[in-house]
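# Geometric and topological summary
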Amino acid sequence: MEIIFFFFLAVVPVYIKGDGVYGGGCQCCISKLFHSEPCQCPPGLGCVELTPGSRMQIWQIHQERMIHAPAQAQIIHAGQACVVKEDNISERVYTIREGNTLVLQCLVTGHPRPQVRWTKTAGSASDKFQETSVFNETLRIEKIQRLQGGRYYCKAENGVGVPAIKSIRVDVQYLDEPILTIHQTISDVRGSFYQEKTVFLRCTVNSNPPARFIWKRGAETLSHSQDNGVDIYEPLYTQGETKVLKLKNLRPQDYASYTCQVSVRNVCGILDKSITFQLTNTTAPPALKLSVNETLVVNPGDNVTMQCSLTGGDPLPEVVWSHSPSPMPHNSLIQEGNLTIWGIRMEDSGYYNCTAINNVGNPAKKTVNLLVRSMKNVTFQITPDVIKESESIQLGQDLKLSCHVDAVPQEKVVYFWYKNGKPARVSDRLLISRNDPELPPVTSSLEIIDLRFSDYGTYLCIASFQGAPIPDLSVEVNISSETVPPVVEPTSQDIRQGMGRSVTLRCTMLKGSPMKVATAVWRFNGNLLTLPPTEQQDYSELKVDSVNRETSGSYECSISNDVGVSTCLFQVSAKAYNPEFYYDTPNPTLSQKQSKNYSYVLQWTQKEPDAVDPILKYRLDVRQLNQRNTVQTLIPVKKMEKGLLLEHILRNLKVPQSYEVHLTPITNFGAGDMAARIIRYMEPINYPNPADNTCHFEDEKICGFMQDKMDNFDWTRQNALTQNPKRTVNTGPSTDISGTEEGYYMFIEASRPRVQGDKARLISPLYNITGKYFCVSFFYHMYGKHIGSLNLLVRVQNKRAIDTQVWSLSENKGNEWKQAHVPISPPGPFQIIFEGVRGTSYEGDIAIDDVTLKRGDCPRKSIGPNKAVALPGSGVPTLHRSSLGGPLTFFLYVLLR
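These numbers were taken from a predicted model, which means no experiment stands behind them. The numbers attached to residues start from 1 for each chain and follow its sequence in the written order. Local features in this predicted model are restricted to residues of pLDDT 70 or higher, and side-chain atom pairs are both shown and tallied only at a pLDDT of 80 or more, whereas totals for entire chains, interfaces and linings draw on every residue. Based on all heavy atoms of the structure, the side-chain values leave hydrogens and waters out of the count.

### Remarks on the nonpolar core
Note the following rule: To define a nonpolar core, start from buried Ala, Val, Leu, Ile, Met, Phe, Trp, Tyr and Cys residues and group those joined through side-chain atoms within 4.5 Å. Each residue's exposure class comes from its accessible area (1.4 Å probe, protein chains only) as a fraction of the maximum for that residue type: buried when under 20%, exposed when over 50%, partly exposed otherwise. Strands here are runs of E lasting at least two residues and helices are runs of H or I lasting at least four, both read from the DSSP assignment and numbered beginning at the N terminus.
Residues Phe705, Phe778, Trp807, Ile832 and Phe834 are the most contacted members of the largest nonpolar core, which totals 36 residues. For this core, the elements supplying multiple residues, two or more each, are strand S57 (745-748), strand S58 (759-763), strand S59 (774-782), strand S60 (789-797), strand S61 (801-810), strand S62 (818-824), strand S63 (830-837) and strand S64 (846-855). The element best represented in this core is S59, accounting for five residues. In terms of nonpolar packing, the next biggest core, distinct from the first, is built from 28 residues, Val378, Ile382, Val442 and Leu446 among them.

If you want it as structure tokens, here you go:
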């Protein structure tokens, strides 16, 4: 139905319909705003005369709409594409050969001029382009690689309307050299007099699109099952990258030259490739033997030769040496399979692998663990820690002296103990042990039971590789009443620094006797650092010249004063500190029970943002509790300073589920420290702005509603999962208004011990708000042949509380949820009360759900017996409507959009 409004104000005619303003040129009334031609309205339409001031206002709106235009975008391509086509799901596909140059351009229109951002999905997770955005209208990638294929998105936005997003899929085509490997099986048939040999020629290639395989014997093309001795098939789980030629029960004619030819049918001009293998009756996998043991211990400076000899293999295998974890040392030479290392050093230690490959069977491999003898950093430790126990070593206590040296191989170290220059003798009170479980491996301990005055003296520990030209190391300690091990600071320190900046680490000896540092040993991530010797003093320093990914980690300084050892620990990194969540945000911000969704405003500040490089973005990971799937979002950051409150709205959360949230800052260094919290669905207890909230009764606090202590029984919060399975049939709802089993509603049970006329009253919080008109909306379910009544009352807080019934409904209304809108006009602070009255028998259950209180009128089309009721002291409410000037301005605005 079309509604026509007639307005008579002044000067310029404009015709208006109920669904907008009609214009469209000099034939329409609106044209006289800007033209002098006469205009006629279409039949049946009224015209409005506008004042000159109104005409100027409409002209300004028109100009503003013309000046500000939303962003539009289109992707065009250039460069060396093979083809651009539409694939089977109507997506643009841009095909390019690996190594060529990709050029994509995002053509944009709009005012202000839109900003362009390129992003990418699909492809490999290691593709760095996925982790960043490119702000440029032209995206150019030189020598594109296969991992850079995927869908590229151009997003243009200028703050007017919604951003424009276009995409194109880039398909990178390539064909690698094929690899041919040969495997064989031998089975014994009819005793030991006859053997059957089956050979598998496996051809593998990486390509895009999938390659076509052709097998040839000499010049003859082979086909599947062309005879009983030939099968060609694709193994499971190889995704079209492998084709196997199976030669069954090998025959004389099968000893021949075989070629695997692969083709992508000349896409992007990529030519076919092939590989050939000569199968003979002597074809065999490689075999090796080594001239040394699997573990080889040598002295520094020695010349070492490891012979790796072939003992089988046809065709002749290739022998390759490798070193783990680092590359082959520069002072090494490989000649005819033999590896020689001259003047071997500590850093030359590691695993050396000799591998023989001829693509027949599995590669042969032998490994040597090469250990270069070394000893350094002998340290002393006294247990118990006398600093914690007392200021000095006390007579009568048990004392353990422990000696440890960093050595390779550690288990070959032999320790000797001396007291006052003479070998220590084991007795009932003096015990020497090795590998104390409380100490590092291969540590020697001298334990003195019931320390006596005669035990005071100088103790010497010597670590030795017996029979090897490695100098012994020793450490000595003087045990007296004045002996105190060192105390250092900081025991632990977290240091953050921007990328490329230097930092100096200092471990200071606060207390000890003697006070001077005898030794200071630094380690980085557990590995020993070599530092130039320094004078003995009460601290040790280490300078990290440039903080980056390689130099970030754990630095440990162990300080000894010839009595004991104490350690400083530094964690050095350029990663950002963790964000700190702000917990005072009122939540949820918006709840829609019909769709079972709610939103949550996540707010946080950043801890010490200036300590490291600027934060570029945050990675937000959201996971519903009890589920594994995580949704990840990147939140860009334009400005960051200490104390700045940032926020992000979590949308489409499921009522009433809880979620685990991880928030991680990202800088040029990479991911920083993560902060985690749990988001729980909570309905509001009171309504600071009633129009923004609906009570769904999903939270146990039921939005602050209370049971009336003066009634006969209570309303019950329940859902389809918690309701009584023996509940009376043909009464009450099966689910809440949303239709889901998890959704809650409020319910009164009419079964015994309830009797006719019993009342249950549910009272809302006190709404201490002002406003002449309000609307109470709610859903009700009244199903059963014995339904009593559902009443809505308003309690006004004046000198005394006055309850007034403003709505009532009785009897069976069917097995469905219905909605009621009740207008009220309370003269002061008020509460609303839902009163359920039990009917004549047990089939009389009543339920309510989704209670909303709004300022203003109720919808004009009422559902249920709604009637405005005058409350005491409020006067008679009247139906008020807005003036007609408002709709006119709105309709003219719609026209000029």
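There is more to say after this.
### Considering the sheet that holds strand S25 (residues 332-335)
Selection rule: Only when DSSP finds a minimum of two bridges between them are two strands counted as paired. Axis lines are fitted to C-alpha atoms, over the contacting stretch for helices. Their N-to-C directions set the angle, which ranges from 0 to 180 degrees.
One open sheet accounts for four strands, arranged S21-S23-S26-S25; its pairing is antiparallel. The two strands at the open ends of the sheet, each matched to only one other strand, are strand S21 (284-290) and S25. The sheet shows a mean angle of 15° between the axes of neighbouring strands, taken without regard to direction. By the bridge criterion, five bridges tie S21 to strand S23 (residues 304-314) in an arrangement that is antiparallel. Following the sheet pairing, Leu290 is matched in S23 by Cys308.

### Brief notes about the side chain of Gln603
To be explicit about the condition: Under the rule applied, a polar contact is a pair of N or O atoms within 3.5 Å (in protein, one hydrogen donor and one hydrogen acceptor; residues adjacent in sequence only if both atoms are side-chain atoms).
Among the secondary structure elements, Gln603 is positioned in strand S47 (residues 597-606). Reaching out from Gln603, the side chain makes a polar contact with the side chain of Glu647 at a distance of 2.9 Å.

### A word on the pattern of salt bridges
What counts, and what does not: Should a side-chain nitrogen of Lys or Arg be within 4 Å of a carboxyl oxygen of Asp or Glu, the pair is scored as a salt bridge.
Under the defined criterion, the tally for this structure stands at 30 salt bridges. One salt bridge connects Arg146 with Glu98, and the closest N-O pair in it is separated by 2.9 Å. Remark: Glu98 occurs in the loop between strand S6 (92-97) and strand S7 (102-111) and Arg146 occurs in the loop between strand S9 (138-141) and strand S10 (150-157); sequence separation between them is 48 residues. Of the charged contacts in the structure, one is a salt bridge between Arg429 and Asp455, with a shortest N-O distance of 2.3 Å. Separated by 26 residues along the polypeptide, Arg429 in the loop between strand S32 (422-423) and strand S33 (430-434) and Asp455 in the loop between strand S34 (444-448) and strand S35 (457-464) bring together distant segments of the chain.

### Brief notes about the state of the cysteines
Note the following rule: Cysteine sulfur pairs qualify as disulfides if the two atoms are within 2.5 Å.
Under the defined criterion, the tally for this structure stands at eight disulfides. A disulfide bridge connects Cys106 with Cys154, and the sulfur atoms are separated by 1.7 Å. With the S-S dihedral at roughly -60°, the linkage between Cys106 and Cys154 falls on the left-handed side. Of this pair, Cys106 sits in strand S7 while Cys154 sits in strand S10, and the two are 48 residues apart along the sequence. Since its relative accessible area comes to 0%, Cys154 is described here as buried. A sulfur-sulfur separation of 2.1 Å characterises the disulfide bridge that pairs Cys403 with Cys461. Disulfide Cys403 to Cys461: torsion about the S-S bond roughly -90°, handedness left-handed.

### Overview of the environment of Leu790
Just so we agree on the cut-off: For this analysis, residues touch if any pair of their heavy atoms sits within 4.5 Å.
Following the sequence through the fold, Leu790 ends up in strand S60. The exposure class assigned to Leu790 is buried, which follows from its relative accessible area of 0%. Remark: the alpha-carbon pair of Leu790 and Val837, spanning 47 residues in sequence, is separated by 6.3 Å. Every residue in contact with Leu790, bar those within four places of it in the chain, is listed here: Trp715, Phe778, Tyr780, Met782, Trp807, Ser808, Leu809, Glu835, Ile846 and Ile848.

Interpretation in functional terms is not warranted from these geometric data alone.
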